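For reference, the chains in residue letters:
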There are 2 protein chains.
Amino acid sequence: MRKESSTNTLNRNKIHLNCGMAYTLDLIGGRWKPNILWALLDGKLRYSELKKVIPDVSERILVLQLRELEKDGLITRLVYAEVPPRVEYELTNDGQSMKPMLECISDWGDKHRPEKTK
Amino acid sequence: MRKESSTNTLNRNKIHLNCGMAYTLDLIGGRWKPNILWALLDGKLRYSELKKVIPDVSERILVLQLRELEKDGLITRLVYAEVPPRVEYELTNDGQSMKPMLECISDWGDKHRPEKTK
DNA sequence: CTCATTACTTACATTTTAGTCAGTACTTAA
DNA sequence: TTAAGTACTGACTAAAATGTAAGTAATGAG
């Protein structure tokens, strides 16, 4: 939960007003958001498939991160009226438009992080 | 302070191993780091100049963020043996190499954040 | 009637990040 | 001797992010 009036939150919001970079980083900066976005770049995935692709995330956190990405307009959540349930997550156009940027960020990391698994 | 063995930290480190994107985002993701990096893209600045450019940050936090950027090899801290003290912060080559990426992130944000101050 | 399947939710605990406020060290200038 | 300037540091508090463990709902298959 977010106190609307904490200095922390006020600072965040103020920074967003004149720093597009900070705004973007806030959208993609959650612990598992890079993994989620990366996985969805190849096409939509069901909730269970996301879990398989990102095995270390707990369900609670996965759901939280998905909800935030949805709220921020980067992914859509499509629920099929079936039993057992089926829910598909997919990048929106805005989400897709991040692709070159995400690749750029990824490349920088691959080039500069300290050795191993490069 | 960071507990080296919390699930949180273990997850962070594990993710870094196969996700350059997450690694990069961790380096530049602090509350004031985008501002600091952005300011330093135009050349080196003294501590007091950084404070002027980023008026809302508290001194303690500013120092913390600078220390982290230094530890991660993105900036250098140059101390002159003078009184009153003079300390200059400057991007390293690695820091400079982020420029195109940072501009890309910034541009995406400027284009996609909800109206105003665009 | 019981079980399996899927996509969650809830209550709680822990860890990490950010912020506040006061104080320090050193030297020169008045 | 006192004050000014610069770049901090330390003790403390608050807020946000992340993680754990258990439980839920709907329905079709056996």
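Anything mentioned here points back to the structure above.
A brief look at the structure comes next.

Thresholds, definitions, all that
- Residues numbered from 1 in each chain as written.
- Chains lettered and ligands numbered in written order.
- Predicted model: local features only at pLDDT ≥ 70, side-chain atom pairs only at ≥ 80, totals over all residues.
- Heavy atoms only, no water.
- Near = heavy atom within 4 Å.
- Polar contact = N/O pair within 3.5 Å; in protein donor to acceptor, adjacent residues only side chain to side chain.
- Helix = DSSP H or I, 4+ residues; strand = E, 2+ residues; numbered from the N terminus.
- Nonpolar A, V, L, I, M, F, W, Y, C, P; charged D, E, K, R; others polar.
- Pairing = 2+ DSSP bridges.
- Contact = heavy atoms within 4.5 Å.
- Axes fitted to C-alpha atoms, helices over the stretch in contact; angles between N-to-C directions.
- Salt bridge = Lys/Arg side-chain N within 4 Å of Asp/Glu carboxyl O.
- Buried < 20%, exposed > 50% of the residue type's maximum accessible area, 1.4 Å probe, protein only.

## Re the protein's contact with DNA strand D
1) Next: The environment of DNA strand D is made up of 32 residues, and the closest members are Thr9(A), Arg60(A), Asn11(B), Glu59(B) and Arg77(B).
2) Next: Backbone atoms, meaning sugar and phosphate, make up 70% of the atoms of DNA strand D lying within 4 Å of the protein.
3) Next: Between a sugar or linking oxygen of DNA strand D and a main-chain N or O atom of Pro85(B), the distance comes to 2.9 Å.
4) Next: Within the contact set of DNA strand D, a phosphate oxygen lies 3.5 Å away from a backbone nitrogen or oxygen of Val87(B).
5) Next: Those elements that place two or more of their residues in the surface near DNA strand D are α1 (7–18) and α5 (59–71) of chain A together with α1 (7–18), α4 (47–53), α5 (59–71) and β3 (86–91) of chain B.
6) Next: Considering only residue class, the surface near DNA strand D consists of 11 nonpolar, 10 polar and 11 charged.

## Quick look at the sheet that holds strand β3 (residues 86–91) of chain A
All names here are of chain A.
1) Next: Pairing within the open sheet is antiparallel, and its three strands lie in the order β1-β3-β2. Taken across any chain shown, the strands that pair with only one partner, and hence form the sheet edges, are β1 (45–46) and β2 (75–80).
2) Next: Together, β1, β2 and β3 form the strand contacts of helix α3 (residues 33–40), whose direction differs from that of β3 by roughly 90°.
3) Next: Along the sheet face, α5 touches β2 and β3 and points at about 115° away from the line of β2.

## Points about unusual backbone geometry
1) Next: In this structure, the amide linkage connecting Val83(A) to the following residue, Pro84(A), adopts the cis form with an omega of -5°.
2) Next: Of note, Pro84(A) is situated in the loop between β2 and β3.

## Considering the pattern of salt bridges
Residues and elements named next belong to chain A.
1) Next: In the structure shown here, the tally under the stated rule is 18 salt bridges over all chains.
2) Next: The shortest N-O distance in the salt bridge between Lys-71 and Asp-72 comes to 3.1 Å.
3) Next: Given a relative accessible area of 63%, Lys-71 falls into the exposed group.
4) Next: Because the salt bridges share partners, they merge into one network encompassing Lys-44, Glu-82, Arg-86 and Glu-88.

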